[in-house]
Amino acid sequence: MAAFVVLGGQLGDVLGRKRVFVMGMVLYTLAAIVVASSGSAFQLIGGRALQGSGAAILMPATMAILHDAFPKEKQGLVLGIWGAVGGIAFAVGPLIGGFFTDAIGWRWVWWSNVPVAVIALLLAGPMLRGLSGGKRGVRFDVAGIVLLAVGLFTAIMALQQGSRWGWTTPSILGLLGVAAVTLTAFVLVELRVKAPLVHLRLLRNKIFTAANVGTFVNAVALIGLLYFFNLYAQSSVLLVYSALLAGMALLPFGLGIFVASLVSGRLADRIGASLPVAIGLALQAVGCFFLYLTEVSTTFSGLWLPMLVAGLGVGMTFSTPSAAGLQAVPPDETGEASGIINIFRYVGSALVVAVGSLAFTSVGLAEMNHQLDAAGVGRVDEEHLDQALTGSPSAIGAQADQLQGTERQAFITGAQVGAVDGFDASMLVIAVSSVGGLVLWLVLMRPGRRRVSPPSPSSPPSGRA
């Protein structure tokens, strides 16, 4: 998604929103069928890559369609509704996915995409009639497309796999090296070509830059909470939730996103985006800080209010920064601009999993080994525990079943404290990033001072004659 989302946005500018929307939806649907029917890891991963490409075309198209179809004074409202629909998806999606996984199998998570996509395609014909047909005679920046795709792909792959493969392994260092070289080359190419894939001058606009910062921090909170809460809730030594129950436990979070997205959009249309987004970033930080105080004895009754507060914050910042950023760029570049905004969204999503996992495992393993040392029990292989803490919620329980007596009890106690402390550490990462994003947002959105031009020599002097 990250590698091709800017190209997807530019395709919408060039070929027209409706055509690209249909292309993205068809590709996404075919990929869902490939995933659902997969009989091998190769087909499964390939289908997911294809699905990501379809989403990269689809996501900026939906934002640009809303921007084109509604007047400026309603942009906050319509993108707020767009965000609220996303809130429903994030609330109900894990619930549906958990039900399918527990009841009839994970493949139905993807089979269920197909009828929804077919309905969207049937509605696209009559409802998207009248949108602009796009530009003509535009030459694609092939060098920029290749460099950005390779650079983002290798960078995000390194971020996602660093904690698993090891940050100093040749594979990760090689990926980071390729990313650094290709992204640097991309910037140099874009500054010289006549028709660049990304007009870097857009980032000179403080409002557009602030929109990217807000989107980035929103993705950190959204994906970070979903990812690490599931690890915590489904841990076999803590809440022991099934996939379905974990989805139900996320309902306050999704409800907060839904409600706040609607409110934030309406509010932004009336008073501007600056204050609503600032409030949202502050709520993200507050909610995650209270989640940082989670203990082994904490039950769901102690989680729902922080999750709701965090959801309200994520909802306030889900679409409002994007709306502000799209309003700050020329109309014929909204597709490209939405692509850039979504790059920040996907990089934030990858970065929080990488950094959060590093905090989760390092803090969790340190506390776990402390508990084992205090009980006089030998340490378990750290690489295995690393996978148990972040890879499979049931792996800790499987490891505990191989032990007996005092050793088993010490291991379970260590696993409980380690998993909770790891979760707390990941929530602190999100809280700190939200505070940092809030500071940057306020600085970038601060109104500039008006310059008063001095009187010209021919101007009559003011005051008494």
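Below is a summary of the structure that appears in this document.

A few words on the side chain of Ser 426. Note that Ser 426 resides in helix α18 (residues 405-444). In this structure Ser 426 comes out as buried when scored by relative accessible area, which is 1%.

At their nearest, the axes of helix α7 (residues 142-165) and helix α8 (residues 170-190) sit 8 Å apart, and the two run at 150° to each other. Overall, the two elements α7 and α8 adopt an arrangement that is roughly antiparallel. When you trace α7 past α8, the crossing you get is left-handed. Partitioned by chemical class, the residues of the contact of α7 with α8 number 18 nonpolar, seven polar and one charged.

This part is about a nonpolar patch on the surface. A surface patch of nonpolar side chains, amounting to about 600 Å² of accessible area, comprises Val 286, Phe 289, Phe 290, Tyr 292, Leu 293, Leu 428 and Val 432. Looking at the nonpolar patch, the elements with two or more residues in it are α12 (274-292) and α18. Of all the elements, α12 adds the most residues to the nonpolar patch, at four residues. Topologically, Leu 293 is positioned in the loop between α12 and α13 (304-318).

It is worth spelling out the nonpolar core at this point. Among the nonpolar cores identified, the biggest contains 74 residues, and Val 6, Leu 148, Leu 225, Phe 229, Tyr 232, Phe 253 and Phe 423 are the most heavily contacted of them. What Phe 229 contacts, discounting residues up to four positions off in sequence, is Gly 224, Ala 246, Ala 249, Leu 250, Leu 303, Met 307 and Phe 423. Counting residues in each nonpolar core, the second largest holds 13 residues, with Ala 268, Ala 278, Leu 281 and Leu 444 among its members.

Time to look at the pattern of salt bridges. The full count for this structure, using the stated rule, is one salt bridge. For Arg 17, the salt bridge is made with Asp 68, and the minimal N-O distance between the two is 2.7 Å. Highlighted residues: Arg 17 in helix α2 (residues 17-36) and Asp 68 in helix α3 (residues 41-69), separated in sequence by 51 residues.

Once that is clear, we can look at empty space enclosed by the protein. Summed over all chains, the structure comprises two cavities of 30 Å³ or more. Roughly 30 Å³ of internal volume is contained in the second largest cavity. When contributions to the lining of the second largest cavity are tallied by element, the ones reaching two or more residues are α1 (5-15), α2 and α3. Counting residues per element, the lining of the second largest cavity draws most heavily on α3, which supplies four residues. Classifying every residue of the lining of the second largest cavity gives five nonpolar, four polar and one charged.

Looking now at the layout of surface pockets. Reported here for the second largest pocket is a volume of approximately 310 Å³. In this structure, the second largest pocket is lined by 15 residues; those nearest its centre are Leu 148, Leu 152, Leu 183, Ile 343 and Phe 344. In terms of residue count, α7 provides more of the lining of the second largest pocket than any other element does, five residues in total. Of the residues assigned to the lining of the second largest pocket, the class counts are 15 nonpolar, no polar and no charged.

This part is about the packing of aromatic side chains. Under the counting rule described, the total for this entry stands at nine aromatic pairs. For the pair Trp 82 and Phe 318, a centre-to-centre distance of 5.8 Å together with 35° between the ring planes defines the contact as tilted. Here Trp 82, found in helix α4 (residues 75-103), pairs with Phe 318, found in helix α13; they are 236 residues apart in sequence, far enough to count as distant. Of the two residues examined, Trp 82 and Phe 318, each falls in the buried class. With 4.6 Å between their ring centres and 15° between their planes, Tyr 232 and Phe 423 make a pair best called stacked. On the criterion of sequence distance, the pair formed by Tyr 232 in helix α9 (residues 206-233) and Phe 423 in helix α18 is long-range, its members being 191 residues apart. In this pair, the class of Tyr 232 matches that of Phe 423, namely buried. Taken together through their ring pairs, the aromatic side chains of Tyr 227, Phe 228 and Phe 360 make up a single cluster. The lysine or arginine in question, Arg 345, covers the ring of Phe 318, its NZ or CZ lying 5.6 Å from the ring centre.

Further remarks concern the environment of Phe 289. With respect to the secondary-structure elements, Phe 289 resides in helix α12. The class of Phe 289 is partly exposed, set by a relative accessible area of 40%. Expressed as a C-alpha distance, the spacing of Phe 289 and Ala 431, which sit 142 residues apart in the sequence, is 5.7 Å.

So, on to helix α11 (residues 251-271). The end-to-end C-alpha separation of α11 is 30 Å, in line with the 30 Å expected for 21 residues at 1.5 Å each. Buried within α11 we find Pro 252, Phe 253, Gly 254, Gly 256, Ile 257, Ala 260, Ser 261, Ser 264, Gly 265 and Ala 268. On its buried side, α11 packs onto α4, α9, α10 (243-249), α12, α13 and α14 (320-327). Phi turns positive, to about 95°, at Gly 272, one or two residues after α11.

Rules and cut-offs
- Residues numbered from 1 in each chain as written.
- Predicted model: local features only at pLDDT ≥ 70, side-chain atom pairs only at ≥ 80, totals over all residues.
- Heavy atoms only, no water.
- Helix = DSSP H or I, 4+ residues; strand = E, 2+ residues; numbered from the N terminus.
- Buried < 20%, exposed > 50% of the residue type's maximum accessible area, 1.4 Å probe, protein only.
- Axes fitted to C-alpha atoms, helices over the stretch in contact; angles between N-to-C directions.
- Parallel < 35°, antiparallel > 145°, perpendicular 65-115°, else oblique.
- Left-handed = near helix turned anticlockwise from the far one by under 90°.
- Nonpolar A, V, L, I, M, F, W, Y, C, P; charged D, E, K, R; others polar.
- Patch = residues over 30% accessible without salt bridge, like charges linked within 9 Å, V, L, I, M, F, W, Y side chains within 5 Å.
- Areas by Shrake-Rupley, 256 points an atom, 1.4 Å probe, with all protein chains shown as cover.
- Salt bridge = Lys/Arg side-chain N within 4 Å of Asp/Glu carboxyl O.
- Core = buried A, V, L, I, M, F, W, Y, C linked by side-chain atoms within 4.5 Å.
- Contact = heavy atoms within 4.5 Å.
- 1 Å grid on protein atoms, 1.4 Å probe; cavity = no way out; pocket = protein on both sides within 12 Å on 5 of 7 lines; lining within 4 Å.
- Points joined across faces, edges and corners; volume = space filled by probe spheres on them.
- Phe/Tyr/Trp six-rings, centres within 6.5 Å; stacked < 30°, edge-to-face > 60°.
- Lys NZ or Arg CZ within 6 Å of the ring centre and 35° of its normal.
- Expected span 1.5 Å × (residues − 1).

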